[in-house]
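Structural features, examined
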Amino acid sequence: MSITATELKNNLGKYLLLSATEDIYITRNGKIVSKLTNPFQERVDVAKSLFGIIPNDVSLEESKEERLGKI
């Protein structure tokens, strides 16, 4: 999403909430001057990429044991 610096100034709370889920580019005179983003977005992306890796028929404990080489 791209907004002007004035729009950000007038609606800061709204854009702080939105920045938790998407990057917000701030423009001045039609040029991007800043980016408002979630500092933990990389962690969220990594966690999302891991969903579904463990098969449904394997318990979390079995998965841990296999990962640690105990099986």
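Overview of the structure.

Conventions and cut-offs
- Residues numbered from 1 in each chain as written.
- Predicted model: local features only at pLDDT ≥ 70, side-chain atom pairs only at ≥ 80, totals over all residues.
- Heavy atoms only, no water.
- Helix = DSSP H or I, 4+ residues; strand = E, 2+ residues; numbered from the N terminus.
- Buried < 20%, exposed > 50% of the residue type's maximum accessible area, 1.4 Å probe, protein only.
- Contact = heavy atoms within 4.5 Å.
- Areas by Shrake-Rupley, 256 points an atom, 1.4 Å probe, with all protein chains shown as cover.
- Salt bridge = Lys/Arg side-chain N within 4 Å of Asp/Glu carboxyl O.
- Pairing = 2+ DSSP bridges.
- Axes fitted to C-alpha atoms, helices over the stretch in contact; angles between N-to-C directions.

**Notes on the overall build of the chain**
- Of the regular secondary structure elements, the chain holds four helices and three strands.
- Taken from N to C terminus, the helices and strands of the chain fall in the order β-α-α-β-β-α-α.
- For the chain, the residues scored as buried account for 13% of the 71 residues in total.
- Considering only residue pairs separated by 6 or more positions, the chain has 8% of its internal contacts joining residues 24 or more positions apart.
- If you sum the accessible surface of the chain, you get close to 6,100 Å²; carbon and sulfur atoms cover 55% of it.

**Considerations on the pattern of salt bridges**
- Counted by the stated rule, this structure contains one salt bridge.
- The salt bridge partner of Asp23 is Lys35, with a shortest N-O separation of 3.7 Å. In this pair, Asp23 sits in the loop between helix H2 (12–18) and strand E2 (24–28) while Lys35 sits in strand E3 (residues 31–36), placing the two residues 12 residues apart along the sequence.
- With relative accessibility at 44%, the residue Lys35 sits in the partly exposed group.

**Overview of the pairing of E3**
- One ladder, built from five bridges, connects E2 with E3; its direction is antiparallel. Note that in E3 the partner of Ile24 across the bridge is Leu36.
- The loop that links E2 with its antiparallel partner E3 comprises two residues; one of these, Asn29, has a positive phi angle of about 55°.

**So, the sheet that holds E3**
- Spatial ordering of the open sheet is given by E1-E2-E3, a layout of three strands whose pairing is mixed. At either margin of the open sheet sits one strand with a lone partner, and together these are strand E1 (2–4) and E3. On average, adjacent strands in this sheet sit at an angle of 35° to one another, irrespective of strand direction.

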